[in-house]
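For reference, the chains in residue letters:
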Amino acid sequence: MKLNLTILLLLFALITSAQKKLTVSDIYEKKLFKQETVRSLNWMNDGQYYTALEENKILRYDVTTGLSDSVIIDGKALNLKIDDYNFTPDESKILLQTDKKRIYRRSFTAEYYIFTFKGEELKKLSPNGRQSYATISPDNKNVAFVRDNNLYFVKLVNMSEHQVTKDGKKGRIINGSADWVYEEELYMTKAFFWSPNSEKLAYYRFDETEVKEYNLQYWDDGALYPRDYKYKYPKAGEKNSIVTIKVYNLKDNTTQIVDLGKETDIYIPNVQWTKDPEILAIKRLNRLQNQQDIFHYSTKFKSATNILTDKTKTYIHATYTNEWIYLDNGTHFLMSSEREGYKHFYIHRMDGQLEYKATSGAYNAEKLITLDQRSKTPVLYYSSTEGSSLNRHVYHVDYKGKGKLKLSTKPGINTIDMSKDFKYYISFNESATSPLEVSLMSTKGNKLVKVLKDNAKLKETVIEYGLTEKILFEIEAADKKLLNAYMVQPADMDSTKKYPLLIYQYSGPGKQDVKNEWQGRHFMWHQLLAQKGYIVVGIDCRGTGGKSEEFKKMTYLKMGKMEAQDHVAAAQYLGTLPFVDKERIGIWGWSYGGYVSTLALETGPDVFKAGIAVSPFLWKFYDTIFSERYLRRPQDNPEGYNEYSIIRNAGKLRSEYLLIHGTGDDNVHFQNAVTLQNELINQGKQFDSFYYPDKAHSLRGTKTQIHLYTMMTNFLLENL
C-alpha cells in the first residue's frame, strides 16, 4: 500500500478545532451546505444576453456587465410555478413547463404553456391531459409531445392538436418515449426527433408485450388495502422490448418503418437526423453490447446502409461514449469512442471512414461541451482528465487535433457553458478546498467579466462549523495498482491516539467518487462523523472511472471480485497506520456500493468490525442492460453471477451489519433485500435491517433523509 503518511501527519497541525457541531438536520433539513449556482441557463441568439431561472422568474442578463437588465417572464404574475423553459428558435415564443410530476428516475409528466412575447399571450399547450417532453420544431411552428404512450404535435398557428400514433397502450406499446430499462441505463426519456426542416418526426416504438412484469406494492401512508403497481422490467437474461424506429411525415401523414435487419434482440441507444432532412442516423448495439453499428437511413429510398462498426472484446458503454454530432458542412460527423484505450473524439466522413483524430493521448476526453463550426476547420470545446484523473480541465482544439489550448486555470472540476456566438462563456469551478464558483468569462483573452456566484456564505458556514479539508492521496490495490482515495479527519485529531475508520465507496464500473471536487450530501455526513471522532476514507477501487479503459474494464465478467479485494486490502493497510484503530474499521455504500460493502464484509470478516449497505443488489435480479453489459447473460456466464454473489457468500458474514432498503424501489427491487435477509437468517446470522415504506432507490424526502442518516450515525456510534 502507498500513502504519504508524512503529509497526513503534517496536515493535523493545519486543521483547526471544530466550532459549531454538525447535526443531521443541518445537512438534510436546513440544507446549510447547499451550493448556489445558475439554473436553467439559456444563451440568447444575439450573444449579448443569457437568461436564467431564479425565484420563479426568467431573468435576462447582459454579458457585458453580468447584471440582470429585465424580467422576461414572471411566473407569479402568470400564476405558474415554472419548472423549466425553452425558447422557440426565433425567440418569438417561450415554452414553459410547470407542475412536473416524476414517474421514475428521469421520466415525468407536466403541463406546458406557450407564451408569445408579441401581445404577451399565454396559452395552454393542450387541454386534453398531461404531457411529457414537449419539444419545439426547428421552424418554430409545432410542438411535439407524448401522452399515454402516444405521440402528438400541436400546430402553434391555431393550437390544433394532431395524433401521430394510436396504438400506445400501457404494458404493451410505447411510442415516442422510452421503456423502463432504456430510461435507467441509456438515460433516455424523450424518444422522438424533429427533422431539420420540421417536416418529419422520427420516433421509437417499444413493444414490451413479452417483457415480464414486476409488481411493486405501495402502502400509501395507511391505506386500508395496499396498491399494486405493475410495470415491465427485463431482468438479466430475460426478454427485452422489441424496438422499432419509425418516421412520420407531417405533410402526407404517412409513416415509414426503418429496416435494420432481421435480428430484433438489439438495443438502439441513439437516433438523430443528419444535416440532410432525408437521412436519419441510427446506432444499433448488439445484445452483448460489444458491437455498435451506425446506419444511415434514406427516407427517400426507404433503405438503411451500415456505414461504421465499432467492436470491442469487453463492452461499449453507450452512455459514456454518446457524443455524436453531424457537422454543418454535411460531409463529416464527430463521434466518441474508447477504441484506443481512452475515450477520445474522432471525425469521420459521411461514408464512415476515419478522417481525423481530434483528441488523443493517455487521458480521457470526458465530455464534449460544444462545437464551434463558424470556420472551415471546426473547433471542439471539451473537458478532460489530462494531467490528473482527479481534475477536469476545459480545452479547445480544432477537429484535426491542432491548436490545443487549456481554458480553465483553477484546479479542480471545471466545465463551461458557451454563448451561441462563442464570445462569452459561463465557467463553473469547484475543488476539494473551495465550493462552486460561477463566473462570466470573455473568450477573447480568456478574461473574467464578473463572478456570478462565489458561495461566500457557504464558505463562512464551513469555517463556522470547522469542517476539515478533504485530503487526496493514493493507496495500492490488492494487485499493487494505485487507487485514488481521500481522507476526512477529526478537526481535533491527535496523531498519538488511535481512531475508528470508516471506508466509503460506490465502486461501480466507470464511476468516480474520488475527485478534486466539493462533494454533496454523503460528504457532509462524513464531516459529521469526523466531528464525532471517526476518520472517513473514500476509495475508488479497480473498475472505476477516470483512468484508462483497461483499468475500468479489468473487472469484466467477474464483477465484485476485485472491488471487494481492494477494499479488504485497503482496510488491512489503513489498520497499520499509527493513528488508526485496526479493530474498529467499517465500510459502507449505497446501491452498487451497498453490494460491494456487503461482499467486502463477507470476504474480509476478520478485517471489518461493522458495515452498512443501502439498497444492495443481486446481479441476477437486476436489469438486462446493466447486468449483461458487465457479466453477459446468466446463461453465458453463470459463475460470474454466482461466485461473487452476496447470497453465495452470506455464510461468511461475522461483522455487525445494517441493511437498508426502500419498499417502493423500482430500480433495485426490495426483492433483493428480502432474498439476502432470508439467506442470512438461514445461515444463522444476526444483523440489523430497516425498510422505508414506499420509498424509491434514492430514499428521497427530508424526513426520510433525516431518519436515515440519524439511524446510520447511531449504528456506527454503537458498533464501530
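Residues numbered from 1 in each chain as written. Predicted model: local features only at pLDDT ≥ 70, side-chain atom pairs only at ≥ 80, totals over all residues. Heavy atoms only, no water.

**Let's talk about the confidence of the model for the protein**
Atom-level detail of predicted coordinates should not be read off regions where pLDDT is low. The predicted model of the protein has a mean per-residue pLDDT of 96, with 98% of residues at 70 or higher. Taken as a whole, residues 9-18 scores under 50 in pLDDT and shows 17 contacts with residues more than four places along the chain or in a different chain. (pLDDT = per-residue confidence, 0-100. Contact = heavy atoms within 4.5 Å.)

**Here's the deal with the sheet that holds strand E9 (residues 132-136)**
Strand-to-strand pairing in sheets goes through backbone hydrogen bonds, with the strands running parallel or antiparallel. A sheet is described by the order of its strands in space; here 4 strands give the open sequence E9-E10-E11-E12, paired in antiparallel fashion. The two strands at the open ends of the sheet, each matched to only one other strand, are E9 and strand E12 (160-163). Sheet twist, expressed as the average angle between the axes of neighbouring strands with direction ignored, equals 20°. Pairing of strand E11 (residues 150-155) with E12, which is carried by 4 bridges, proceeds in the antiparallel orientation. Note that in E12 the partner of Lys155 across the bridge is Ser160. (Pairing = 2+ DSSP bridges. Helix = DSSP H or I, 4+ residues; strand = E, 2+ residues; numbered from the N terminus. Axes fitted to C-alpha atoms, helices over the stretch in contact; angles between N-to-C directions.)

**Observations concerning the sheet that holds strand E35 (residues 447-453)**
Strand order in the open sheet made by the 4 strands is E32-E33-E34-E35, with antiparallel pairing throughout. Looking at which strands have only one partner, the edges of the open sheet turn out to be strand E32 (413-418) and E35. Recorded for the sheet is a direction-independent mean angle of 25° between the axes of neighbouring strands.

**Some points on the packing of aromatic side chains**
For the structure shown, the criterion picks out 49 aromatic pairs. On the numbers, 5.5 Å between centres and 10° between planes, the contact of Phe145 with Tyr152 is stacked. Tyr152 shares its class with Phe145; the two are buried. The structure contains a cluster of three or more aromatic residues connected by ring pairs, namely Tyr315, Tyr506, Tyr556, Tyr592, Tyr595, Phe617, Trp619, Tyr622, Phe626 and Tyr630. Lying across the ring of Tyr395, Lys404 places its NZ or CZ 5.6 Å from the centre. (Phe/Tyr/Trp six-rings, centres within 6.5 Å; stacked < 30°, edge-to-face > 60°. Buried < 20%, exposed > 50% of the residue type's maximum accessible area, 1.4 Å probe, protein only. Lys NZ or Arg CZ within 6 Å of the ring centre and 35° of its normal.)

**Quick word on the side chain of Arg542**
Inspection of the secondary structure puts Arg542 in the loop between strand E39 (535-539) and helix H6 (549-553). Of the polar contacts made by the side chain of Arg542, one reaches the side chain of Asp479; its length is 3.2 Å. Reaching out from Arg542, the side chain makes a polar contact with the side chain of Asp566 at a distance of 2.9 Å. (Polar contact = N/O pair within 3.5 Å; in protein donor to acceptor, adjacent residues only side chain to side chain.)

**Looking at the pattern of salt bridges**
Going through the model one piece at a time under the given rule, you end up with 37 salt bridges. One salt bridge connects Glu340 with Lys357, and the closest N-O pair in it is separated by 2.7 Å. Of this pair, Glu340 sits in the loop between strand E25 (332-337) and strand E26 (344-349) while Lys357 sits in strand E27 (residues 354-357), placing them 17 residues apart in sequence. The class for Glu340 is partly exposed, based on a relative accessible area of 43%. (Salt bridge = Lys/Arg side-chain N within 4 Å of Asp/Glu carboxyl O.)

**Describing the pairing of E39**
Among the 5 residues that make up E39, 5 are buried, leaving the element largely enclosed by the rest of the structure. Going residue by residue along E39, you find Ile535, Val537 and Ile539 tucked away on one face and Val536 and Gly538 tucked away on the opposite face as well. When strand E37 (residues 482-488) meets E39, the two strands line up antiparallel, connected through 4 bridges. By the bridge assignment, Tyr486 is partnered in E39 with Gly538. Two strands pair when backbone bridges link them, and strand E38 (residues 499-504) and E39 are joined in this way by 4 bridges, in the parallel orientation. Bridge pairing links Leu502 to Val536 in E39. Remark: the E38/helix H5 (residues 521-531)/E39 crossover connection has right-handed handedness. (Right-handed = clockwise from strand over helix to strand, strands pointing away.)

**With respect to the nonpolar core**
Ranked by size, the top nonpolar core spans 96 residues in total, and within it Tyr182, Tyr204, Ile268, Leu280, Phe608 and Trp619 carry the most contacts. Formed by 40 residues, the second largest nonpolar core is a distinct cluster that contains Leu22, Leu390, Val614 and Leu716. (Core = buried A, V, L, I, M, F, W, Y, C linked by side-chain atoms within 4.5 Å.)

**So, the environment of Ala530**
Within the secondary structure, Ala530 sits in helix H5. The class for Ala530 is buried, based on a relative accessible area of 3%. Along the chain, Ala530 and Pro500 lie 30 residues apart, while their C-alpha atoms are 9.9 Å from each other. Beyond its immediate sequence surroundings of up to four residues, Ala530 is in contact with Val488, Gln489 and Pro490.

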